[in-house]
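Reading the structure
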Amino acid sequence: MVTVRAPATSANLGSGFDVFGAALSRPADVVTVERAAETTIEVTGVGAQYIPEDPEKNTVGAVVEALDAPARIHIDKGVRPASGLGSSAASAAGAAVALNRLYDRGLSREELVPIAAEGEAVVSGVAHSDNVAPSILGGFTVTTAEGTRSVDAAIPLVVCLPDVAVSTRDARRVVPETASMEELVETVGNAATLAVGMCRSDTDLVGLGMDDPVVTPERARLITGYDDVRERAFDAGATGVTVSGAGPAVIAACRERDRRDVAAEMLDAFAEAGIESRAYQTRIGRGSTVLDE
Ligand SMILES: Nc1ncnc2c1ncn2[C@@H]1O[C@H](COP(=O)(O)OP(=O)(O)OP(=O)(O)O)[C@@H](O)[C@H]1O
Ligand SMILES: N[C@@H](CCO)C(=O)O
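Residues numbered from 1 in each chain as written. Chains lettered and ligands numbered in written order. Predicted model: local features only at pLDDT ≥ 70, side-chain atom pairs only at ≥ 80, totals over all residues.

**What about the environment of D268?**
Its location among the elements puts D268 in helix α10 (residues 259–272). With 15 C-beta atoms counted inside 10 Å, the residue D268 sits in the partly exposed group. For D268 and V229, which are 39 residues apart along the polypeptide, the C-alpha to C-alpha distance reads 8.1 Å. (Helix = DSSP H or I, 4+ residues; strand = E, 2+ residues; numbered from the N terminus. Buried ≥ 20, exposed ≤ 12 C-beta atoms within 10 Å, placed from the backbone.)

Structure (structure tokens):
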């Protein structure tokens, strides 16, 4: 038996659509696997009632197939589904790390990224790796067709999750098909600024680089209260605010000393828009961790 804690993640970070990702120190899924002749999946925890246990429909089933590793699997969800916090990815990442260990497949963490991404194709139609990569490797990750690079970064974060669901599949429908040269130049500049900020653990640069003129404005329309939440977070000291992944969670970078105020303002702003929400005071954290074997 192997048990793995796989963290929530925030993809895109504004300017790095489908490329950037960051592991969050909390929340997390806990995945336990045991050898079995046939695969079964049991799901408990946050939002478990919305998650299919059929291996054909659960992200973990695709990982079992890819590793040819049938198992009795228990997923204890700490990451709510359809949150923008890489819920579907956390389970897939945890299962990939756990099954690789259980069956002594000997794959590196980098090699497990495309395998866990197969699970994302099951739910959103696209095997994007920007959530599974940080959930497996930890830190700040840059994923391209050539592979994944990661760096550790000490950046305090607040993630505010409103009590509404936005599926990645729906949120991908509003992504514009084209961008102007001006938008391209702005996006490259912001993404490069953010990457430099991560390498230096510089919260100001990371926040500055989170702006995105192309995808985020369209996604923000799907989140009631977004503009006020963003403004109030900035007023409380956030250095950057954007949609986390496909939403509806909103992520803010800030200094440690401002984290509590930023969280309180974001919660208040959602409440004023008539929406309950939950704030996680978190930071960029480590990847999947084996808890027990
Ligand atoms: N193991 C799993 N954990 C969570 N959701 C799962 C799992 N397997 C299948 N799903 C399905 O995936 C969908 C949620 O995935 P989706 O990509 O929309 O959200 P997310 O992973 O929280 O967000 P994001 O990718 O934007 O960060 C739900 O329909 C859920 O039923
Ligand atoms: N890059 C993906 C992440 C989904 O979590 C998207 O924004 O659609």
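Next, the rest of the story.
**Regarding the packing of helix α1 (residues 59–67) against helix α3 (residues 109–124)**
As a packed pair, α1 and α3 sit with axes 7 Å apart at the nearest point and diverge in direction by 140°. In terms of orientation, α1 lies oblique with respect to α3. When you trace α1 past α3, the crossing you get is right-handed. Residues T59, V60, A62, V63, A66 and L67 of α1 lie in contact with α3, whose contacting residues are I115, A116, E118, G119, E120, A121, V122 and V123. Residues that form the contact of α1 with α3 fall into these classes: ten nonpolar, two polar and two charged. (Axes fitted to C-alpha atoms, helices over the stretch in contact; angles between N-to-C directions. Parallel < 35°, antiparallel > 145°, perpendicular 65-115°, else oblique. Left-handed = near helix turned anticlockwise from the far one by under 90°. Contact = placed C-beta atoms within 7 Å. Nonpolar A, V, L, I, M, F, W, Y, C, P; charged D, E, K, R; others polar.)

**Some thoughts on the site of ligand 1**
Neighbouring ligand 1 are 25 residues; S87, S91, T168, G245 and A246 lie closest to it. Taken together, the elements giving at least two residues each to the shell around ligand 1 come down to α1, α2 (87–102) and α3. Of the residues forming the shell around ligand 1, the biggest block, four residues, is contributed by α2. Taken together, the residues of the shell around ligand 1 sort by class into twelve nonpolar, 13 polar and no charged. Two domains each donate at least three residues to the shell around ligand 1, and these are domain 1 (2–151) and domain 2 (156–283). (Near = placed C-beta within 6 Å. Domains from an automatic or database assignment.)

**Points about the domain arrangement of the chain**
One frequently used descriptor of interface size is the decrease in accessible area upon assembly of the parts. Domain annotation of the chain identifies domain 1 (2–151) and domain 2 (156–283). Relative placement of domain 1 and domain 2: their C-alpha centres are 23 Å apart. Across the contact, 25 residues belong to domain 1 and 34 residues belong to domain 2. It is strand β2 (residues 20–35) that contributes the most residues to the side of domain 1 that touches domain 2, four residues altogether. Taken together, the residues of the side of domain 1 that touches domain 2 break down into eleven nonpolar, twelve polar and two charged.

**Points about the UniProt feature "domain: GHMP kinase N-terminal" (unreviewed entry) in the chain**
Here the UniProt feature "domain: GHMP kinase N-terminal" (unreviewed entry) sits at residues 60–139. In the segment residues 60–139, helix accounts for 57% and strand for 9%; the C-alpha atoms at its two ends are 22 Å apart. (UniProt positions renumbered as here; feature names shortened; annotations may be inferred.)

**Focus on the site of ligand 2**
Around ligand 2 sit 13 residues in total, of which A11, D18, T168, G245 and A246 are the nearest. At three residues, the largest contribution of residues to the shell around ligand 2 is made by helix α5 (residues 168–173). When its residues are assigned to classes, the shell around ligand 2 shows four nonpolar, six polar and three charged. A domain-level breakdown of the shell around ligand 2 finds at least three residues from each of domain 1 (2–151) and domain 2 (156–283).

**Some points on α10**
Owing to its 3.6 residues per turn, the α-helix aligns residues three or four sequence positions apart on the same side. Between its first and last C-alpha atoms α10 spans 20 Å; for 14 residues at 1.5 Å apiece the expected length is 20 Å, and the two agree. Here α10 has its buried residues at R259, V262, A263, E265, M266, L267, A269 and F270. The secondary structure elements touched by the buried residues of α10 are β7 (156–162), α9 (226–235), β9 (250–253) and β10 (277–283). Of the residues trailing α10, G274 is marked for its positive phi of about 85°. (Expected span 1.5 Å × (residues − 1).)

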